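This is what each chain is made of:
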Amino acid sequence: MPRGTKMNENRIRENRIGSKLTEVSTKKGWTFYMLSRSSGVPLTTLLHIVDGSTKNPGIYTVMRLCDALELPLEELIGEIK
């Protein structure tokens with residue numbers, strides 16, 4: 001196994017918020033740019049949440065993303081319990 005592969009796998013597993021946002025936006029046919037514009041969350045912030053660089057995004061940021069995607073906050077939170 002190449003060095004760093006295990007770390008990347010752990011990071012992907014830990015980034016459930018980013019995974020869920022990616023899944024829902026893809027189902028809607030939205031790009032991250034479209035989600036950013038619709039939610040008012042800066043694209044860079046959104047990309048950091050999706051790629052796991054931001055490990056603990058603020059609740060208001062997450063709420064804005066959920067509102068834009070018409071995704072109940074409880075559904076997203078349920079995914080990370």
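Residues numbered from 1 in each chain as written. Predicted model: local features only at pLDDT ≥ 70, side-chain atom pairs only at ≥ 80, totals over all residues. Heavy atoms only, no water.

Novice: Hey, could you run me through the pattern of salt bridges in this one?
Specialist: Side-chain pairs of opposite charge can arise whenever the charged atoms involved come near each other. The final tally for this structure, using the stated rule, is four salt bridges. Here Glu23 ties to Lys20 by a salt bridge, and the two come within 3.8 Å at their closest N and O atoms. Of this pair, Glu23 and Lys20 are both found in helix H2 (residues 16-28), three residues apart, which corresponds to roughly one turn of the helix. Glu23 gets classed as partly exposed once you look at its relative accessible area, which sits at 35%. Salt-bridge contacts for Lys28 lead to Glu70; the nearest nitrogen and oxygen are separated by 3.8 Å. Of this pair, Lys28 sits in helix H2 while Glu70 sits in the loop between helix H5 (59-69) and helix H6 (73-80), and the two are 42 residues apart along the sequence. Looking at Lys28, the relative accessible area reads 34%, which means it is partly exposed. The structure contains a network of salt bridges with shared partners spanning Lys20, Glu23, Lys27 and Glu75. (Salt bridge = Lys/Arg side-chain N within 4 Å of Asp/Glu carboxyl O. Helix = DSSP H or I, 4+ residues; strand = E, 2+ residues; numbered from the N terminus. Buried < 20%, exposed > 50% of the residue type's maximum accessible area, 1.4 Å probe, protein only.)

Novice: What is the right way to read the environment of Leu21 from this model?
Specialist: Among the secondary structure elements, Leu21 is positioned in helix H2. When its relative accessible area of 1% is taken as the criterion, Leu21 is described as buried. Considering only alpha carbons, one finds Leu21 and Cys66, 45 residues apart in sequence, at a separation of 8.3 Å. Once residues lying within four places of it in the same chain are set aside, the contact partners of Leu21 are Ile49, Leu65 and Leu69. (Contact = heavy atoms within 4.5 Å.)

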